[in-house]
Amino acid sequence: MSNTKVLPLIEAEGSEAVAPCCPPLTERPFSAEEAEMAARMFKALGDPVRLRLFSAVASHESGEACVCDISDVGVSQPTVSHHLKKLKEAGLLTSQRRGTWVYYRVEPSVLAAMGKLLTLPAVA
């Protein structure tokens, strides 16, 4: 059993926009809990193979990718499965089994939350 927590995302009021788990880095210092949540996400993306897999899913033409379409990243299939599991545990990917294949998707809210976390303040 894993003790990994999913990166929480909060629906913004009155819109489809999503606020990240944490404020933008430039807004204020993170609390210990916010830093832990953000670090979990960045740790998952800190591995080159995971980053390639995340990018392959995010950029796939249909918005989702079958594991059979993204497994050519220079490591064995069990290692690909391990890295995809870590990305799911970090809340960066969702998956759905269809027959014998598993399809992965990056939810738009995850990309929006990541973008807001790294957003610079507007210059007046």
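The following paragraphs examine the structure supplied in this document. Note that the structure is a prediction, hence the values are computed from the model and not measured.

Conventions adopted
Residues numbered from 1 in each chain as written. Predicted model: local features only at pLDDT ≥ 70, side-chain atom pairs only at ≥ 80, totals over all residues. Heavy atoms only, no water. Pairing = 2+ DSSP bridges. Helix = DSSP H or I, 4+ residues; strand = E, 2+ residues; numbered from the N terminus. Axes fitted to C-alpha atoms, helices over the stretch in contact; angles between N-to-C directions. Phe/Tyr/Trp six-rings, centres within 6.5 Å; stacked < 30°, edge-to-face > 60°. Lys NZ or Arg CZ within 6 Å of the ring centre and 35° of its normal. Parallel < 35°, antiparallel > 145°, perpendicular 65-115°, else oblique. Contact = heavy atoms within 4.5 Å. Nonpolar A, V, L, I, M, F, W, Y, C, P; charged D, E, K, R; others polar. Salt bridge = Lys/Arg side-chain N within 4 Å of Asp/Glu carboxyl O.

As for the pairing of strand 4 (residues 94–98)
And then number 1: Where strand 4 and strand 5 (residues 101–105) come together, five bridges link them in antiparallel fashion. The partner of Q96 across the bridge, within strand 5, is Y103.
And then number 2: Connecting strand 4 to the next strand, strand 5, in antiparallel fashion are two residues, including G99 with a positive phi near 65°.

Brief notes about the sheet that holds strand 3 (residues 64–66)
Within a sheet, each strand pairs with its neighbour through backbone hydrogen bonds, oriented either parallel or antiparallel.
And then number 1: Pairing is antiparallel across the open sheet formed by three strands, whose spatial order is 3-5-4. Every interior strand has two partners, whereas the edge strands, strand 3 and strand 4, have only one. Across this sheet, the average inter-strand angle for adjacent strands is 25°, counted without regard to direction.
And then number 2: Direction of pairing for strand 3 relative to strand 5: antiparallel, over a ladder of three bridges. Bridged to C66 within strand 5 is Y103.

Describing the packing of aromatic side chains
And then number 1: Tallied over the entire structure, the rule returns zero aromatic pairs.
And then number 2: One residue, R98, lies across the ring of Y103, its end atom 4.3 Å from the ring centre.

Quick notes on the packing of helix 2 (residues 48–59) against helix 4 (residues 77–89)
And then number 1: Between helix 2 and helix 4, the least distance of the axes is 10 Å, while the angle of their chain directions is 75°. Between helix 2 and helix 4, the angle is such that the two are roughly perpendicular. Contact residues: helix 2 offers V49, R50, L53 and F54, while helix 4 offers V80, H82, H83, L84, K86 and L87.
And then number 2: Per-class residue counts for the contact of helix 2 with helix 4 are six nonpolar, two polar and two charged.

A look at the pattern of salt bridges
And then number 1: Inspection of the entire model under this criterion finds five salt bridges.
And then number 2: For the salt bridge of R98 with E64, the shortest nitrogen-to-oxygen distance reads 2.9 Å. Of this pair, R98 sits in strand 4 while E64 sits in strand 3; the two residues are 34 residues apart in sequence, bridging distant segments of the chain.
And then number 3: The shortest N-O distance in the salt bridge between E64 and R105 comes to 3.5 Å. Note that E64 is positioned in strand 3 and R105 in strand 5, a separation of 41 residues in sequence.
And then number 4: Connected via shared salt-bridge partners are E64, R98 and R105.

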